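Commentary on secondary and tertiary structure
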Amino acid sequence: MKILVINGPNLNMLGIREPGIYGSESYEALVAFIGRVCVDRGVEVECFQSNHEGAIVDRIQAAYGAVDGIVINPAAYTHTSVAILDALKAVSIPAVEVHLSDVSAREAFRQVSYAGMACEATFAGHGFDGYRLAVEYLVEHHGK
Ligand code: DQA
């Protein structure tokens, strides 16, 4: 099984940005964590991060026919991007949404998730472990 993990804007600043909300570990540490989770479960993984909405749309389109599942934390684009929602719907690849923080307990503007409307499940508020839960969800429901 091959999984693509997509992280959106400012997640490359993990460890520096608002550590009280997002933790003190870096983006590189997150990629290493995801890599270990995937090795343990026999999953091939690619991690992609971009601060640009169009680049995320391009990466989702390029995944068509090439991956079996997508784990996506669209970060701020979660709450604004119909383009990312449409890209996920266009490729019809099973997708799972992840947020490091518990967005449901935060500001009103974070209560809508466009990308989430194209995702089968959401794991929010579990920190890095949310990515493990998302990978395990895809293995359980779509593994081959
Ligand atoms: C986030 C939550 C978003 O609201 C925020 O804009 C982010 C990160 C999270 O992982 O908790 O950048 O997606």
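Up top you'll find the structure we're talking about.
Okay, the site of the ligand next. In the vicinity of the ligand, the residues found are Arg17, Tyr22, Asn73, Ala75, Ala76, His79, His99, Leu100, Ser101, Val103 and Arg110. Arg17 is positioned such that a nitrogen or oxygen atom in its side chain is 3.1 Å from an oxygen atom of the ligand. At 2.8 Å, a backbone N or O of Leu100 approaches an oxygen atom of the ligand. For the ligand, the protein covers 98% of the area, taking 320 Å² as the surface of the free molecule. Grouping the amino acids of the shell around the ligand by side-chain chemistry returns five nonpolar, four polar and two charged.

Turning our attention to the packing of aromatic side chains. Inspection of the entire model under this criterion finds one aromatic pair. Ring centres of Phe33 and Phe128 lie 5.8 Å apart, and the angle between their planes is 45°; this geometry places the pair in the tilted category. With Phe33 in helix α2 (residues 27-40) and Phe128 in the loop between β5 (121-124) and α5 (129-142), this pair connects stretches of sequence that are 95 residues apart. Owing to a relative accessible area of 13%, Phe128 belongs among the buried residues under this scheme. The ring of Tyr22 carries the charged tip of Arg17 above its face, separated from the ring centre by 4.1 Å.

This paragraph deals with the nonpolar core. With 26 residues, the main nonpolar core has Ile3, Val71 and Tyr131 as its most contacted residues. Listing elements by their share of this core, those giving two or more residues are β1 (2-7), α2, β4 (95-99), β5 and α5. Ranked by residues supplied to this core, first place goes to α2 with six residues. Core analysis: the next-biggest nonpolar cluster, separate from the first, contains 21 residues, Val57, Leu85, Ile93 and Ala118 among them.

This part takes up the packing of helix α3 (residues 53-62) against helix α4 (residues 82-91). One can describe the packing of α3 onto α4 by two numbers: an axis separation of 9 Å at closest approach and a directional angle of 5°. On the basis of their axis angle, the class for α3 and α4 is roughly parallel. In this structure, α3 uses Glu53, Ile56, Val57, Ile60 and Gln61 to contact α4, whose residues at the interface are Ala83, Ile84, Ala87, Leu88 and Val91. Residue classes in the contact of α3 with α4 are distributed as eight nonpolar, one polar and one charged.

Our next topic: the sheet that holds β4. Spatial strand order, β2-β1-β3-β4-β5: five strands in an open sheet with parallel pairing. Both outer strands of the open sheet, β2 (44-49) and β5, are each paired with one neighbouring strand and no more. For this sheet, the mean angle separating the axes of adjacent strands, direction not counted, is 20°. In terms of strand pairing, β4 meets β5 through four bridges, oriented parallel. Looking across to β5, one finds that Val96 is bridged to Ala121.

Cut-offs and rules
Residues numbered from 1 in each chain as written. Predicted model: local features only at pLDDT ≥ 70, side-chain atom pairs only at ≥ 80, totals over all residues. Heavy atoms only, no water. Near = heavy atom within 4 Å. Polar contact = N/O pair within 3.5 Å; in protein donor to acceptor, adjacent residues only side chain to side chain. Areas by Shrake-Rupley, 256 points an atom, 1.4 Å probe, with all protein chains shown as cover. Nonpolar A, V, L, I, M, F, W, Y, C, P; charged D, E, K, R; others polar. Phe/Tyr/Trp six-rings, centres within 6.5 Å; stacked < 30°, edge-to-face > 60°. Helix = DSSP H or I, 4+ residues; strand = E, 2+ residues; numbered from the N terminus. Buried < 20%, exposed > 50% of the residue type's maximum accessible area, 1.4 Å probe, protein only. Lys NZ or Arg CZ within 6 Å of the ring centre and 35° of its normal. Core = buried A, V, L, I, M, F, W, Y, C linked by side-chain atoms within 4.5 Å. Axes fitted to C-alpha atoms, helices over the stretch in contact; angles between N-to-C directions. Parallel < 35°, antiparallel > 145°, perpendicular 65-115°, else oblique. Contact = heavy atoms within 4.5 Å. Pairing = 2+ DSSP bridges.

Function cannot be read off these values alone, since they describe shape.
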